[in-house]
Amino acid sequence: MIYDFCIIGGGIVGLATAMEILKRQPGASLVILEKENVLAKHQTGHNSGVIHAGIYYAPGSLKADLCKRGAEATKQFCSEHGIKFEVCGKVLVASNALEVQRMEALYQRSQQNGLKAVSYTHLRAHETKAN
């Protein structure tokens, strides 16, 4: 049989590629070649389920931009397909003075990357209200 497209690998990249091809060319025929007996058997099939915001990436970097756009695309995809997800945030905790400096740098980086972040002062005030 002859196919319009052949994708090698049935992990997240191969399946996402197949989905995009079929979205752009609905009548296309494609085959996915996968060495395992199931799809996404390796790393991408065993992820943590976290949609990463990109807080650790340098502001303005390709990684930071890609992570932010990828997170938004993932949330949009989930919403469009009825897949539940939760935006609960992430708490970074410092256990010594050096880590406090690193947390401040991460807070500044998150601001520069356009991520929603709260300061220690805000978090502490929220914690105090809850107790």
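The rules we used
- Residues numbered from 1 in each chain as written.
- Predicted model: local features only at pLDDT ≥ 70, side-chain atom pairs only at ≥ 80, totals over all residues.
- Heavy atoms only, no water.
- Helix = DSSP H or I, 4+ residues; strand = E, 2+ residues; numbered from the N terminus.
- Contact = heavy atoms within 4.5 Å.
- pLDDT = per-residue confidence, 0-100.
- Expected span 1.5 Å × (residues − 1).
- Buried < 20%, exposed > 50% of the residue type's maximum accessible area, 1.4 Å probe, protein only.
- Arc of directions from axis to C-beta.
- Polar contact = N/O pair within 3.5 Å; in protein donor to acceptor, adjacent residues only side chain to side chain.
- Patch = residues over 30% accessible without salt bridge, like charges linked within 9 Å, V, L, I, M, F, W, Y side chains within 5 Å.
- Areas by Shrake-Rupley, 256 points an atom, 1.4 Å probe, with all protein chains shown as cover.
- Salt bridge = Lys/Arg side-chain N within 4 Å of Asp/Glu carboxyl O.

Side note on the side chain of Ser 110
Relative to the assigned elements, Ser 110 resides in helix α3 (residues 97-112). With sequence-adjacent residues up to four places away left out, Ser 110 is seen in contact with Ile 55, Leu 115 and Ala 117.

Some points on the confidence of the model for the chain
Model confidence for the chain is summarised by a mean pLDDT of 87, while 95% of its residues fall at 70 or above. Across the chain, the element-wise mean pLDDT spans from 75 in helix α4 (residues 120-130) up to 97 in strand β1 (residues 5-8).

Some remarks on helix α1 (residues 12-24)
With 13 residues, α1 should cover 18 Å at 1.5 Å per step; its first-to-last C-alpha distance of 18 Å lies within 8% of that length. Within α1, burial applies to Gly 14, Ala 18 and Ile 21. Projected onto a plane normal to the axis of α1, the buried residues spread over an arc of 65° and lie on a single side. Exposed side chains of α1 directed beyond 90 degrees from the buried face belong to Ile 12, Val 13, Lys 23 and Arg 24. Contact partners of the buried residues in α1: β1 and β2 (30-33).

A short note on helix α2 (residues 62-80)
In this model α2 runs 26 Å from its N-terminal to its C-terminal C-alpha over 19 residues, within 8% of the 27 Å that 1.5 Å per residue would give. Gly 82, located one to two residues past α2, shows a positive phi value of around 65°.

A closer look at the environment of Glu 34
Counting through the fold element by element, Glu 34 comes out in the loop between β2 and α2. Residues Glu 34 and Ala 71, 37 residues apart in the sequence, show an inter-C-alpha distance of 27 Å. Beyond its immediate chain neighbours, meaning those up to four positions away, Glu 34 contacts Gly 9, Gly 10, Gly 11 and Leu 39. Within the local environment of Glu 34, its side chain forms a polar contact with the backbone nitrogen of Gly 10, the two atoms lying 2.5 Å apart. Here Glu 36 takes part through its backbone nitrogen, which lies 3.1 Å from a polar atom of the side chain of Glu 34.

Brief notes about a nonpolar patch on the surface
Taken together, the side chains of Val 91, Val 93, Val 118 and Leu 123 present a nonpolar region at the surface, about 360 Å² in accessible area. Take Val 93: it is sitting in the loop between α2 and α3.

Side note on unusual backbone geometry
The phi dihedral of Ala 40 is positive, around 50°, even though this residue is not glycine. Position of Ala 40 among the secondary structure elements: in the loop between β2 and α2.

Quick notes on the side chain of Asn 113
Here Asn 113 shows up in the loop between α3 and α4. According to the relative accessible area criterion, Asn 113 is buried, its value standing at 12%. From its side chain, Asn 113 meets the backbone oxygen of Tyr 57 in a polar contact 3.0 Å long. Every residue in contact with Asn 113, bar those within four places of it in the chain, is listed here: Gly 54, Ile 55, Tyr 57, Ala 58, Pro 59, Gly 60, Ala 64 and Lys 68.

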